[in-house]
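Structural features, examined
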Amino acid sequence: MEEKEDFGYVEYIPVKRRRLMESQKFQKGKSSTIEYEFERSKLTESNPSLLFKVSQLKRKFSEINPTEQFIQQEKELIEHLSDKKTLVSVSELAKGITYTEPLVTGWKPPLPIRKMSSRKCDSIRKQWNIVVDGDEVPQPIKNFEDMRFPEPVLKKLREKGILKPTPIQVQGLPVILSGRDMIGISFTGSGKTLVFVLPLIMMALQEEMMMPIGNGEGQFGLVICPSRELAKQTYEVVEQFLMPLKENGYPELRPLLCIGGVDIRSQLEVVKKGVHIVVATPGRLKDLLSKKMMNLDNCRYVTLDEADRLVDLGFEDDIRVIFSHFKAQRQSLLFSATMPTKIQNLATSALVKPVMVNVGRAGAANLDVIQEVEYVKQEA
Ligand SMILES: Nc1ncnc2c1ncn2[C@@H]1O[C@H](COP(=O)(O)OP(=O)(O)OP(=O)(O)O)[C@@H](O)[C@H]1O
């Protein structure tokens, strides 16, 4: 009985599988090499290997001169490298959070400056060779007093012989004090350190007054530098302004220099007491964050100093890891001497409605500028 039933049984084959079997029958007899080539070319189109990309680039560049080749190559490679990478934290990515509005600070310039017309602002910028870009750019301010720094800070500036702000300070300080994200393009020695250090100290003071940092708690502000030397110099500038504030009855702010080559235990001792401001190089900072010896839970202000060097030295991935530790929106500042595509990509992914302040020297080395050298015969 059972046998009879089995004999008449026709197994049901789903339509999808049937189609597949039909197509396999059809494909039989065709050369397997052709199939393989076809599949391979499909794969190469959708996900080309590095070797394939390089051979394509080489073919493309054989017809253009070496300078154009270099610029084109750099552009293409940067595009491939920076395509999908963004500077946001893991939790932000997971929750689909994107910030659309800048942070608000309690800082406001005096009324006459707030009332300054945009024409007047433009004429000041022109006079100081400042180029700006962005929405609702805060007014430039031509003296430190109107920036409303506390007296101990103003006194320290005077002691250092710093009487009038430099162009990047005239525009950069009001932008940052008002809470905006900023891209600062300036050359070495333009006075940019104070542009991010002074608002950092003001912000940390304000936060400490509202909610003091407890033992073992993390910092309000972070500066990331490409070298230990630069980090040390920046840390010293921070210290110079914290001292007079403390002496004049302001809350104590503890800074930390977080760099490689220094005994990690001494850095952890400072962390235990709770730190307000950290000046770091990417490697050591990433290390401490990954080992959970430090966190960015309270951090709401971050500066990437010399961003072009940070990228050139290969710290881009470390910076991404560091940014993945943020828990909330922060004010982000990026300083660079040049603005090649890779820095633009970094800025776009990290900043919210940024203001760009450019006081770069005319003719400074830049990817958009082709520099040609012509050799001439010396006349007798
Ligand atoms: N407004 C100012 N007036 C006079 N001197 C200033 C002013 N601002 C900064 N300085 C001084 O100029 C020097 C260079 O400033 P700073 O280090 O901030 O420049 P920088 O652009 O950060 O340069 P670098 O790229 O070398 O770090 C410092 O000694 C600083 O104290």
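Given the structure is predicted, the values throughout are model-derived calculations rather than measurements. (Residues numbered from 1 in each chain as written. Predicted model: local features only at pLDDT ≥ 70, side-chain atom pairs only at ≥ 80, totals over all residues. Heavy atoms only, no water.)

As for the sheet that holds strand 8 (residues 355–358)
Ordered by their spatial adjacency, 8 strands build an open sheet running 1-8-2-7-6-3-5-4, and the pairing between neighbours is mixed. Where the open sheet ends on each side, the last strands, each with one partner, are strand 1 (131–133) and strand 4 (255–258). Adjacent strand axes in the sheet meet at a mean angle of 15°, parallel and antiparallel pairs treated alike. Bridge count for strand 3 (residues 221–224) against strand 6 (residues 301–304) is 4 bridges, and the pairing is parallel. (Pairing = 2+ DSSP bridges. Helix = DSSP H or I, 4+ residues; strand = E, 2+ residues; numbered from the N terminus. Axes fitted to C-alpha atoms, helices over the stretch in contact; angles between N-to-C directions.)

Points about the UniProt feature "domain: Helicase ATP-binding" (unreviewed entry) in the chain
Residues annotated by UniProt as "domain: Helicase ATP-binding" (unreviewed entry) correspond here to residues 173–357. Note that residues 173–357 is 47% helix and 16% strand, and that its end C-alpha atoms are spaced 10 Å apart. (UniProt positions renumbered as here; feature names shortened; annotations may be inferred.)

Quick notes on unusual backbone geometry
What you tend to see is this: most non-glycine residues have negative phi, and most peptide bonds are trans. One non-glycine residue, Asn129, lies in the positive phi region at around 55°. Looking at the secondary structure, you find Asn129 in the loop between helix 8 (118–127) and strand 1. The residue Lys353 is not glycine, and still its phi comes out positive at about 40°. On the secondary structure map, Lys353 appears in the loop between helix 17 (341–350) and strand 8.

Some remarks on the packing of helix 11 (residues 192–210) against helix 12 (residues 228–247)
Any two packed helices are characterised by the angle at which their axes cross and by the distance between the axes. Direction vectors running N to C along helix 11 and helix 12 enclose 45°, while the axes themselves pass 10 Å from each other. Classed by the angle they form, the pair helix 11 and helix 12 counts as oblique. Between helix 11 and helix 12 the crossing geometry is right-handed. Contacts between helix 11 and helix 12 involve Thr193, Leu194, Phe196, Val197, Leu198, Ile201 and Leu205 on the former and, on the latter, Thr234, Val237, Val238, Phe241, Leu242 and Leu245. Considered class by class, the residues forming the contact of helix 11 with helix 12 number 11 nonpolar, 2 polar and no charged. (Parallel < 35°, antiparallel > 145°, perpendicular 65-115°, else oblique. Left-handed = near helix turned anticlockwise from the far one by under 90°. Contact = heavy atoms within 4.5 Å. Nonpolar A, V, L, I, M, F, W, Y, C, P; charged D, E, K, R; others polar.)

Describing helix 14 (residues 282–290)
Those residues of helix 14 lying buried are Pro282, Arg284, Leu285, Leu288 and Leu289. Positive backbone phi, at 60°, marks Lys292, one or two positions downstream of helix 14. (Buried < 20%, exposed > 50% of the residue type's maximum accessible area, 1.4 Å probe, protein only.)

Considering the site of the ligand
With respect to spatial proximity, 15 residues lie near the ligand, and among them Lys164, Gln169, Gly189, Ser190 and Thr193 are the closest. Contact between the ligand and Ser190: an oxygen atom at 3.0 Å from a main-chain N or O atom of the residue. Residue Gly191 places a main-chain N or O atom 3.2 Å away from an oxygen atom belonging to the ligand. When the ligand sits alone it has 620 Å² of accessible area, and the protein chains cover 67% of it. Among the elements that line the shell around the ligand, the one with the most residues is helix 11, at 3 residues. Considering only residue class, the shell around the ligand consists of 5 nonpolar, 7 polar and 3 charged. (Near = heavy atom within 4 Å. Polar contact = N/O pair within 3.5 Å; in protein donor to acceptor, adjacent residues only side chain to side chain. Areas by Shrake-Rupley, 256 points an atom, 1.4 Å probe, with all protein chains shown as cover.)

Thoughts on the packing of aromatic side chains
For the coordinates displayed, the defined rule picks out 2 aromatic pairs. Geometrically, the ring pair formed by Phe196 and Phe335 is tilted, given 5.3 Å between the ring centres and 50° between the ring planes. Highlighted residues: Phe196 in helix 11 and Phe335 in strand 7 (residues 331–336), separated in sequence by 139 residues. Across the pair, exposure class does not vary: Phe196 and Phe335 are buried alike. For the pair Phe323 and Phe326, a centre-to-centre distance of 5.2 Å together with 75° between the ring planes defines the contact as edge-to-face. Taking relative accessible area as the criterion, Phe326 reaches 1% and is therefore assigned buried. (Phe/Tyr/Trp six-rings, centres within 6.5 Å; stacked < 30°, edge-to-face > 60°.)

A look at the nonpolar core
Phe149, Leu157, Met182 and Ile201 are the most contacted members of the largest nonpolar core, which has 53 residues in total. Mapped by element, the contributors of at least two residues to this core are helix 9 (151–159), helix 10 (167–177), helix 11, helix 12, strand 5 (277–280), strand 7 and strand 8. Examining the composition of this core, we find that 11 residues originate from one element, helix 11, more than from any other. Ignoring sequence-local partners within four residues, the contact set of Leu157 consists of Phe144, Ile162, Leu194, Leu198 and Phe241. The next biggest cluster of nonpolar side chains, apart from the first, holds 35 residues, and it includes Leu256, Cys258, Leu289 and Met294. (Core = buried A, V, L, I, M, F, W, Y, C linked by side-chain atoms within 4.5 Å.)

Thoughts on the pattern of salt bridges
This model, assessed by the stated rule, comprises 17 salt bridges. Between Arg158 and Glu151 there is a salt bridge, with the nearest N and O atoms lying 2.7 Å from each other. Members of the salt-bridge network, linked through shared partners, are Lys192, Asp305, Glu306 and Arg309. (Salt bridge = Lys/Arg side-chain N within 4 Å of Asp/Glu carboxyl O.)

Some points on the side chain of Glu306
Within the fold, Glu306 resides in the loop between strand 6 and helix 15 (307–312). A distance of 2.6 Å separates the side chain of Glu306 from the side chain of Arg309, its partner in a polar contact. Not counting chain neighbours up to four residues away, the residues in contact with Glu306 comprise Lys192, Pro226, Leu230 and Phe335.

Some remarks on the pairing of strand 3
The alternating pattern of strand 3 places Gly221 and Val223 and Leu222 and Ile224 on opposite faces, both of which are buried. Pairing of strand 3 with strand 5, which is carried by 4 bridges, proceeds in the parallel orientation. Residue Gly221 lies in a different strand from strand 5, and its bridge partner there is Ile277.

With respect to helix 12
If you check helix 12, its first and last C-alpha atoms are 29 Å apart, about what 20 residues at 1.5 Å a residue would give, namely 28 Å. Restricting attention to buried positions, one finds in helix 12 the residues Leu230, Ala231, Thr234, Tyr235, Val237, Val238, Phe241, Leu242, Pro244 and Leu245. Close packing links the buried residues of helix 12 with helix 9, helix 11, strand 3, strand 4 and strand 5. Positive backbone phi, approximately 85°, marks Gly249, located one or two places after helix 12. (Expected span 1.5 Å × (residues − 1).)

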